[in-house]
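Working through the structure, step by step
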Amino acid sequence: GQNIDQPTEMTATEGAIVQINCTYQTSGFNGLFWYQQHAGEAPTFLSYNVLDGLEEKGRFSSFLSRSKGYSYLLLKELQMKDSASYLCAVMNDYKLSFGAGTTVTVRA
Amino acid sequence: DTGVSQNPRHKITKRGQNVTFRCDPISEHNRLYWYRQTLGQGPEFLTYFQNEAQLEKSRLLSDRFSAERPKGSFSTLEIQRTEQGDSAMYLCASSFENQPQHFGDGTRLSIL
């Protein structure tokens, strides 16, 4: 089975940094993916990790530790438009198994 | 890059009716996936195509659900004899091999 946990909600101030943690227990692992989803819209791919370590893409970075079953997404220099749900997903073969998502609210 | 296209965006129907959704993937992508998402949850895997071959169906997909990808390009998802519990957002995604999956805007199904 798949078990993917992430916090339900987080609030941060514009310009600040927020770290969204994700822990997983899955029967297989081919990579960990982060998606952003605004209400009523499609999930948009942000970042992914296959090997341990940090992947940086502009204001977004993602970290993976396979031995700990742990990942985080780091959002820097928060902007109001970053208010959205952030989904952690584990790929097993070709299938993505998603967590329930973390709703991030950015306040002025 | 036109992205993954899904239609209709919204579908309202009475319980017991049949509905069909369409997905047009990114043209160079050989893999196509269907997911279902309900409020407050992440997407759940339904089924997967490699080119025109349907390689897996989730146990979530009852016999009332059928998906096709006849020429390895667009795909359709049909739900027969819809039930209240079928109300959800149906998302299509595509990828080239195991590269990141790109999602369409989904079809929101409401069963009256």
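Scroll up to find the structure this text is about.
Note that the structure is a prediction, hence the values are computed from the model and not measured. Residue numbers here run from 1 along each chain, matching the order of that chain's written sequence. Chains and ligands are labelled by the order in which they are written, letters from A for the one and numbers from 1 for the other. Thresholds applied to this predicted model are a pLDDT of at least 70 for local features of residues and 80 or more for the giving and counting of side-chain atom pairs; totals over whole chains, interfaces and linings are not thresholded and use all residues. Calculated side-chain values reflect all of the structure's heavy atoms, with hydrogen atoms and water omitted.

**Description of the overall build of chain B**
Scanning chain B from N- to C-terminus turns up zero helices and 11 strands. Helix numbers and strand numbers start at the N terminus; a helix is a DSSP run of H or I with at least 4 residues, a strand a run of E with at least 2. Going residue by residue from the N terminus, the α and β elements of chain B occur as β-β-β-β-β-β-β-β-β-β-β. We compute the radius of gyration over the C-alpha atoms and compare it with the globule rule, which gives 2.2 Å times the number of residues raised to the power 0.38. Taken over C-alpha atoms, the radius of gyration comes to 13 Å for chain B, in line with the 13 Å a tight globule of 112 residues would show. Its C-alpha atoms put chain B at 40 × 25 × 20 Å along the principal axes. Within chain B, buried positions represent 47% of all 112 residues. If you sum the accessible surface of chain B, you get close to 5700 Å²; carbon and sulfur atoms cover 44% of it. Using a 1.4 Å probe on the protein chains alone, a residue whose accessible area is under 20% of its type maximum counts as buried, one over 50% counts as exposed, and one in between counts as partly exposed. Throughout, the Shrake-Rupley method with a 1.4 Å probe supplies accessible areas, and for residues the shown protein chains are the sole cover considered.

**Digging into the layout of surface pockets**
A probe matching the size of a water molecule, rolled over the atoms, marks out where space remains unfilled. The space that makes up the largest pocket amounts to roughly 530 Å³. Along the wall of the largest pocket there are 20 residues; nearest its centre are Gln-2 and Ser-97 of chain A together with Glu-44, Phe-45 and Leu-60 of chain B. Considering each element in turn, the lining of the largest pocket owes the most residues, four residues, to strand S10 (residues 95-98) of chain A. Side-chain classes follow a simple rule in which Ala, Val, Leu, Ile, Met, Phe, Trp, Tyr, Cys and Pro form the nonpolar group, Asp, Glu, Lys and Arg form the charged group, and the remainder, Gly included, forms the polar group. Among the residues forming the lining of the largest pocket, the class breakdown is seven nonpolar, eight polar and five charged. Note on definitions: the grid is 1 Å and covers protein atoms alone; a cavity is a set of points where a 1.4 Å probe fits but cannot get out; a pocket is an open set with protein on both sides within 12 Å along at least five of seven lines; lining residues have an atom within 4 Å of a point. Surrounding the second largest pocket, 22 residues form its lining, Gln-37 of chain A together with Gln-37, Leu-39, Gly-40 and Gln-41 of chain B being those nearest its centre. Where the lining of the second largest pocket is concerned, the elements lending two or more residues are strand S9 (84-92) of chain A together with strand S9 (88-95) and strand S11 (107-111) of chain B. The class makeup of the residues in the lining of the second largest pocket is seven nonpolar, 13 polar and two charged. Grid points are joined across faces, edges and corners, and a volume is the space filled by probe spheres set on the points.

**Things to note about the side chain of Arg-36 of chain B**
Among the secondary structure elements, Arg-36 of chain B is positioned in strand S4 (residues 31-37). Charged-residue counts in this description rest on Lys and Arg as positive and Asp and Glu as negative, His and the chain ends being excluded. Salt bridges, as used here, are contacts in which a Lys or Arg side-chain nitrogen is within 4 Å of a carboxyl oxygen on Asp or Glu. Although Arg-36 of chain B is buried, it forms no salt bridge, and the closest oppositely charged side chain is Glu-44 of chain B at an N-O distance of 4.5 Å.

**Remarks on the state of the cysteines**
All names here are of chain A. Criterion for a disulfide: a pair of cysteine sulfur atoms at a distance within 2.5 Å. What the rule picks out here adds up to two disulfides over all chains. Here Cys-22 is linked by a disulfide to Cys-88, with a sulfur-sulfur distance of 2.0 Å. Measuring the twist about the S-S bond at about -70°, one finds the Cys-22-Cys-88 disulfide to be left-handed. With Cys-22 in strand S3 (residues 18-25) and Cys-88 in strand S9, this pair connects stretches of sequence that are 66 residues apart.

**With respect to the sheet that holds strand S1 (residues 3-5) of chain A**
All names here are of chain A. Taken in spatial order, the five strands line up as S1-S3-S8-S7-S6 in an open sheet, and their pairing is antiparallel. Each edge of the open sheet is held by one strand with a lone partner, namely S1 and strand S6 (53-57). Strand-to-strand twist of the sheet, defined as the mean angle between neighbouring strand axes without regard to direction, takes the value 15°. Sheet analysis places S1 next to S3, joined by three bridges and oriented antiparallel. Residue pairing for S3: Ile-4 is matched across the bridge by Tyr-24. A pair of strands is treated as paired once DSSP finds two or more bridges between them. Here an axis means a line fitted to C-alpha atoms, over the contact stretch when the element is a helix, while the angle between two N-to-C directions is reported on a 0 to 180 degree scale.

**Let's talk about the packing of aromatic side chains**
A pair of aromatic rings is counted whenever rings of Phe, Tyr or Trp (Trp by its six-membered ring) have centres within 6.5 Å, and the orientation is called stacked for planes under 30 degrees apart, edge-to-face for over 60 and tilted otherwise. A full pass over the atoms with the stated rule returns 19 aromatic pairs over all chains. For the pair Tyr-33 of chain B and Tyr-48 of chain B, a centre-to-centre distance of 5.4 Å together with 20° between the ring planes defines the contact as stacked. Here Tyr-33 of chain B is found in strand S4, whereas its partner Tyr-48 of chain B is found in strand S5 (residues 44-50), with 15 residues between them in sequence. Judged by its relative accessible area of 0%, Tyr-33 of chain B falls in the buried class. Through a chain of ring-to-ring contacts, three or more aromatic side chains come together here, namely Phe-33, Tyr-35, Phe-45, Tyr-48, Tyr-94 and Phe-98 of chain A together with Tyr-33, Tyr-35, Phe-45, Tyr-48 and Phe-103 of chain B. Remark: a charge is flagged as sitting over a ring if the NZ atom of Lys or the CZ atom of Arg is within 6 Å of the ring centre and within 35 degrees of the ring normal. A cation over an aromatic ring shows up here: Arg-22 of chain B above the ring of Phe-74 of chain B, its NZ or CZ 3.9 Å from the ring centre.

**As for the interface of chain B and chain A**
Think of interface size as the accessible area that goes away when the parts come together; that is how it is often given. Contacts are residue-level and defined by heavy atoms, with any inter-residue pair within 4.5 Å sufficient. Chain B puts 20 residues into the contact, and the matching count from chain A is 17 residues. Its largest share of buried area at the contact with chain A, chain B owes to Asn-98, Pro-100 and Phe-103 of chain B, together 28% of the area lost on that side. The term polar contact refers here to a pair of N or O atoms within 3.5 Å; inside protein, the definition further demands a hydrogen-donor-capable atom paired with an acceptor-capable atom, and it admits residues adjacent in sequence only when both atoms are side-chain atoms. For the interface between chain B and chain A, the tally reads six residue pairs in polar contact (both at pLDDT 80 or more). Looking at the side of chain B that touches chain A, the elements with two or more residues in it are S4 and S5 of chain B. Top element by residues in the side of chain B that touches chain A is S4 of chain B. It accounts for four residues. Two parts placed together each lose some accessible area under a 1.4 Å probe, and adding up what both lose gives the buried area.

**Quick notes on the pairing of strand S11 (residues 102-107) of chain A**
All names here are of chain A. Because side chains alternate across S11, one face comprises the buried residues Thr-102, Val-104 and Val-106, and the other comprises Thr-103, Thr-105 and Arg-107, none of which is buried. Across three bridges, S9 lies against S11 in antiparallel orientation. Looking across to S11, one finds that Ser-85 is bridged to Thr-103.

**Observations regarding the nonpolar core**
One finds Ile-20, Leu-32, Trp-34, Leu-73, Leu-75 and Tyr-86 of chain A to be the most contacted residues of the largest nonpolar core, which totals 20 residues. If you list the elements that add at least two residues to this core, you get S3, strand S4 (31-37), strand S7 (60-65), strand S8 (70-75), S9 and S11 of chain A. As used in this record, nonpolar core signifies buried Ala, Val, Leu, Ile, Met, Phe, Trp, Tyr and Cys residues forming a set joined through side-chain atoms within 4.5 Å.

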